[in-house]
Amino acid sequence: MQNSYKRVDAHLSSLGYCSRSEAKKFLNKVLVCINGVRIFDTTKKAYHNDITVENEALDAESLVILMNKPSGVVCSHEEENGVLIYSLLPERFQKRSIKISTVGRLDKDTTGAILLTDDGALNHKLTSPKSDISKIYEATLAQALRGDEAEIFLSGTLMLHGEKKPLLPAKMEIITPTLVRLEICEGRYHQVKRMFGAVSNKVVQLHRLNFGDFSVEDLEPSCYKIINL
Ligand code: URA
């Protein structure tokens, strides 16, 4: 875990508590302590772990968040695309100097488990085609299964339109004729919807139950928790 040593105003601004220029006012208004002693001098240097704000530890220097994404929000930083997933985070998290980004994306109408982090290297590692993290989706289908889907998905030979490589084997569990659980270890563009498109069906609802070891079973839609990876 990081524990950087720098000026208090640099800590506060990089973590989104206030801007550097607002730091003086912030210290006058809010109880900020170094090792329990209140400070008013923004230039004072300290270790991250020694600073408290209103008797609470500072937010972590690097964050990994698990969210249960609701339908209707977009995994994008572009305002024109609709309601952004980041607007569901506390304002302070949105003001951090290193932007928090989603680890991969879920479609606007897809719900469920998504990680968000400001750790670029970790994000890259988790989304790399080499990472074989299991993701389990629950898909509601427009039409009843025809019977050969599980075998096709498991074959490791299914080619999606416009792709050069077949999909890796994916396990499908049938819950009802129109509801399945599908476990995939890749993250290709609209992968689940395209897989069912390839077997003449259509996904009408899609929920991701987990991302690797992280499940959203205990998280209400739009809720999140900070996790340690
Ligand atoms: N596959 C899709 O088709 N959509 C998602 O949002 C995630 C996986």
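Structural data are supplied above this passage.
Criteria and thresholds
- Residues numbered from 1 in each chain as written.
- Predicted model: local features only at pLDDT ≥ 70, side-chain atom pairs only at ≥ 80, totals over all residues.
- Heavy atoms only, no water.
- Salt bridge = Lys/Arg side-chain N within 4 Å of Asp/Glu carboxyl O.
- Helix = DSSP H or I, 4+ residues; strand = E, 2+ residues; numbered from the N terminus.
- Buried < 20%, exposed > 50% of the residue type's maximum accessible area, 1.4 Å probe, protein only.
- Near = heavy atom within 4 Å.
- Polar contact = N/O pair within 3.5 Å; in protein donor to acceptor, adjacent residues only side chain to side chain.
- 1 Å grid on protein atoms, 1.4 Å probe; cavity = no way out; pocket = protein on both sides within 12 Å on 5 of 7 lines; lining within 4 Å.
- Sits in = over half its atoms within 2 Å of the grid points.
- Lys, Arg positive; Asp, Glu negative; His and termini not counted.
- Contact = heavy atoms within 4.5 Å.

Things to note about the pattern of salt bridges
Here the structure, examined in full by the defined rule, presents 13 salt bridges. In this structure, Glu163 and Arg194 form a salt bridge, with 3.1 Å as the shortest nitrogen-oxygen distance. Taken together, the residues Glu163 in the loop between α5 (149-154) and β11 (171-176) and Arg194 in helix α6 (residues 191-198) connect sequence positions 31 residues apart. The exposure class of Glu163 is partly exposed, given its relative accessible area of 24%.

What about the site of the ligand?
Close contacts around the ligand come from Leu106, Asp107, Thr110, Tyr137, His190, Gln191, Val192, Lys193 and Leu206, and that covers them all. Between the ligand and Thr110 there is a distance of 2.8 Å, counted from an oxygen atom to a side-chain nitrogen or oxygen. Contact distances for the ligand include 3.0 Å between an oxygen atom and a backbone N or O atom of Lys193. With respect to the pocket detection grid, the ligand is positioned in the largest pocket. The element contributing the most residues to the shell around the ligand is α6, with three residues.

So, the side chain of Lys69
Inspection of the secondary structure assignment puts Lys69 in strand β7 (residues 64-69). The buried charged residue Lys69 lacks any salt bridge, with Asp109 as its nearest oppositely charged partner at 6.7 Å. Of the polar contacts made by the side chain of Lys69, one reaches the backbone oxygen of Asp107; its length is 3.1 Å. If near-sequence neighbours (up to four positions away) are discounted, Lys69 is found in contact with Cys75, Ile85, Leu106, Asp107, Lys108, Thr110, Thr111, Gly112 and Ile114.

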